[in-house]
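Report on the structure
Chain residues, written in single-letter form:
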Amino acid sequence: MKKFYSVFIALVFVLSVAGASLAAKDTLIVADQYDPTTLDPIGHNDYPTSRACSHIYDTLIFLNPDGTLRPGLAEKWEFITDKDYKMYLRKGVKFHNGDEMTAADVKFSLERANTPAGSHIHTYSQDLDNVEIIDDYTVIIHLKKVNYPFFSSLVHSWGNIVCKKVVEAAGDDYGMNPVGTGPFKFKEWAKGDHYTFERFDDYWGNKAKFKTLIVRSIPEPTNRTIELETGAVDIAYPVTTIEIARIQENSELELQRKVIPSTTYMGFNVNKAPFSDVRVRQAISALLDTVNIQRAVFRGVGQTPRSLIPEVTKYSINNELPVHVRDVEAAKKLFAEAGVDPSKIKIIIRSNERKERIDMATIIQAQLAEVGIHSEIMQQEWGAYLSDLQKKTHDVFLLGWGLSVPDPDYAVSGLLESNAGTNYTGFNDPKLDEMLAKGRSLPDGEERAKVYRDMQLYINEQCPMVYLHNDEAIAGVRKIVKGFEVDPFEVHSFRNVYFEE
């Protein structure tokens, strides 16, 4: 009887899997590295959350893969002055609850970003003054001062339009039960495991070609690949270096990769001795063979940066700068000038981190040990890690920063501007703040290019961080999935995805 029962259970499981396989033609299952932190578009500044929000919300303008802009919830716009934008909204756009989107929702959404709830994204919204309602379908966005990158920042998650009535009613709980105008509507979220969205059949644009979107959180890269190989997921990202060949060799899978404006760096806590001394920061930088660290770890993926503004971003002078060379003697001289002989350093990284970053930290640890500096690598859960970064209790840390807005201002301001919520080095430099303000005040051209050239040279001189890696966006995709293209800004879209019959 027991044997019969076991066989029966196994048969039920097989039939269930077979049924799920047939149903999967209308269900896209995706493996992402991490779970979102919230589904409130102004409550975060991380990629997994931006990706989740991009499916359920729309912005006034959309970003093309080549960095150009196209109409979104605004069907057209005009620049009244350098700091006043008139936006003509689409009529008949429905929120997932059936309400029509109007200018009141746009005003509420954008101005809400400058409240304390939007502290994570003030880098983007800080120069917004107010949104003036002309009528139900027309608004004028007024800026406090000229900020040329601001308009393109409306493609960022902070510019997602929410339903005023729903947010006000939900209060602090809104991020767990969102309502947008996007092609998918929220169904459920099992935190730490997966979220499920369903096609919104009243979507104003081209409707999704499949019914259900499930995005699973799978931190371990090998597990993401295994799930892709077995067909348990249809798309998996990010694909790490060691998994590339495995996907390429599988006839049922394809690998997609694109160079992206992303920088992995080792940041110093510049408010904590001895890292408050620029000579100590420069010395530690000189001790590291960053070029060979990158080559050893990433094996042909990406490159070692020489500037904070990635090479694929306008005004980068990355290729004009000399290659970083390890110089132990120069480091010893700088330590002597600073009167410092550092012996212990704590390097913090996120647990469940990409193996490549753990490997980089390990090599950094070994190279520092060669000159007598003992470094301890501490892996922390995201909450504790972020808390340490915000409280500035750390020594040094490894982190990545990528652009989802195609402008060099955001390559720098989010990391190093004094008031940026994601300035984890604590770098507070009036000269750099002045450069950033000037860069935002200028239209594209030679004068603006010079500002960013001087800025990159100045940052390299001050050395608040050591550049480690310019990354690529790499995804594994089952060949039955069509219409997906890995996004160079890493906010991957499924709006055009369908299954091959």
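From a predicted model like this one, the values you see are computed outputs, not experimental measurements.

Here we come to the environment of Val93. Tracing the backbone through its elements, the reader meets Val93 in the loop between strand E5 (84–89) and helix H3 (103–112). Separated by 52 residues in sequence, Val93 and Pro41 have C-alpha atoms that sit 19 Å apart. Ignoring sequence-local partners within four residues, the contact set of Val93 consists of Leu73, Asp99, Glu100, Met101, Thr181 and Trp204.

On to unusual backbone geometry, then. Geometrically, the link from Tyr237 to Pro238 is a cis peptide bond, its omega value of -10 degrees lying close to zero. Mapped onto the secondary structure, Pro238 falls in the loop between strand E11 (235–236) and helix H8 (244–248). Cis geometry marks the peptide bond from Ala273 to Pro274, where omega comes out at 0 degrees. Looking at the element boundaries, Pro274 is found in the loop between strand E12 (253–268) and helix H9 (278–287). Phi at Cys463 is positive, roughly 55 degrees, even though this residue is not glycine. Note on placement: Cys463 falls in the loop between helix H16 (446–462) and strand E16 (465–478). You will see that Glu490, though not glycine, has its phi angle at about 65 degrees, which is positive. Checked against the element boundaries, Glu490 lands in the loop between strand E17 (481–482) and strand E18 (498–499).

This part takes up the packing of aromatic side chains. Per the counting criterion, the structure on display carries 16 aromatic pairs. Considering the side-chain rings of Phe62 and Trp204, the 6.3 Å spacing of their centres and the 25 degrees angle between planes classify their relative orientation as stacked. Of this pair, Phe62 sits in strand E2 (residues 61–63) while Trp204 sits in the loop between strand E9 (194–199) and strand E10 (212–217), and the two are 142 residues apart along the sequence. Judged by its relative accessible area of 13%, Phe62 falls in the buried class. Taking the relative accessible area as the measure of exposure, Trp204 reaches 25% and is therefore partly exposed.

In this section: the packing of helix H14 (residues 409–416) against helix H15 (residues 430–441). At a minimum axis separation of 11 Å, H14 and H15 run at an interaxial angle of 145 degrees. Taken as a pair, H14 and H15 cross one another with a handedness that is left-handed. Residues Asp409, Val412, Ser413 and Leu416 of H14 lie in contact with H15, whose contacting residues are Leu432, Asp433, Leu436 and Arg440.

To continue, consider the sheet that holds E12. Spatially, 10 strands are ordered E8-E9-E10-E1-E11-E16-E12-E15-E13-E14 in an open sheet, and the strand pairing comes out mixed. Where the open sheet ends on each side, the last strands, each with one partner, are strand E8 (184–190) and strand E14 (374–380). Helix H2 (residues 47–56) rests against strand E1 (27–32), E8, E9, E10 and strand E15 (396–402) of the sheet, and its axis sits at about 20 degrees to E9. Here helix H7 (residues 221–230) sits on the sheet and contacts E1, E10, E11, E12 and E16; the angle it forms with E16, its principal contact strand, is near 15 degrees.

To continue, consider helix H12 (residues 355–369). Across its 15 residues, H12 extends 21 Å between first and last C-alpha, which sits within 8% of the 21 Å expected from 1.5 Å per residue. Every buried residue belonging to H12 is among Glu356, Arg357, Met360, Ala361, Ile364, Gln367 and Leu368, and all of these are buried. Mapping the buried residues of H12 onto a view down its axis gives an arc of 140 degrees, with all of them on the same face.

Okay, the sheet that holds strand E7 (residues 138–143) next. In spatial order, the strands read E4-E5-E7-E6; together these four strands make up an open sheet with antiparallel pairing. What marks the edges here is a single partner per strand, and that holds for strand E4 (74–81) and strand E6 (128–135). Direction aside, the axes of adjacent strands within the sheet are offset by 20 degrees on average. Across six bridges, E6 lies against E7 in antiparallel orientation. Note that in E7 the partner of Ile133 across the bridge is Val139.

Counting residues in hydrophobic clusters, the biggest one holds 136 residues, and the most contacted among them are Leu28, Leu60, Leu110, Ile141, Met266, Leu432 and Phe494. Of the residues forming this core, the biggest block, eight residues, is contributed by E16. Among residues more than four places away in sequence, those in contact with Met266 are Ile284, Leu288, Ile364, Val396, Phe397, Leu398, Met465, Val466 and Leu468.

Right, let's get into the side chain of Asp127. Note that Asp127 resides in the loop between helix H4 (122–125) and E6. Put simply, Asp127 is tucked away with no salt bridge, and the nearest opposite charge, on Arg440, sits 4.1 Å away. At 2.9 Å, the side chain of Asp127 and the side chain of Asn147 are in polar contact. The residues contacting Asp127, other than those within four sequence positions of it, are Leu143, Lys144, Lys145, Asn147 and Arg440.

What follows covers the environment of Lys191. On the secondary structure map, Lys191 appears in the loop between E8 and E9. Classification of Lys191 as exposed rests on a relative accessible area of 52%. Residues Lys191 and Cys163, spaced 28 residues apart in sequence, show a C-alpha to C-alpha distance of 23 Å. Setting aside residues up to four positions removed in sequence, Lys191 forms contacts with Asp35, Thr37 and Met176.

A word on the pattern of salt bridges. All told, the structure shown has 28 salt bridges when counted by the stated rule. Lys107 is the partner of Glu111 in a salt bridge, and the nearest nitrogen-oxygen pair spans 2.7 Å. Within this pair, Glu111 and its partner Lys107 are both found in helix H3, separated by four residues, close to a single helical turn. What makes Glu111 partly exposed here is its relative accessible area of 24%. Residue classification places Lys107 among the partly exposed positions, given a relative accessible area of 27%. Of the charged contacts in the structure, one is a salt bridge between Arg478 and Glu252, with a shortest N-O distance of 2.8 Å. Placement of the pair is Arg478 in strand E16 and Glu252 in the loop between H8 and E12, with a sequence separation of 226 residues.

Rules used in this analysis
Residues numbered from 1 in each chain as written. Predicted model: local features only at pLDDT ≥ 70, side-chain atom pairs only at ≥ 80, totals over all residues. Heavy atoms only, no water. Helix = DSSP H or I, 4+ residues; strand = E, 2+ residues; numbered from the N terminus. Contact = heavy atoms within 4.5 Å. Phe/Tyr/Trp six-rings, centres within 6.5 Å; stacked < 30°, edge-to-face > 60°. Buried < 20%, exposed > 50% of the residue type's maximum accessible area, 1.4 Å probe, protein only. Axes fitted to C-alpha atoms, helices over the stretch in contact; angles between N-to-C directions. Left-handed = near helix turned anticlockwise from the far one by under 90°. Pairing = 2+ DSSP bridges. Expected span 1.5 Å × (residues − 1). Arc of directions from axis to C-beta. Core = buried A, V, L, I, M, F, W, Y, C linked by side-chain atoms within 4.5 Å. Lys, Arg positive; Asp, Glu negative; His and termini not counted. Salt bridge = Lys/Arg side-chain N within 4 Å of Asp/Glu carboxyl O. Polar contact = N/O pair within 3.5 Å; in protein donor to acceptor, adjacent residues only side chain to side chain.

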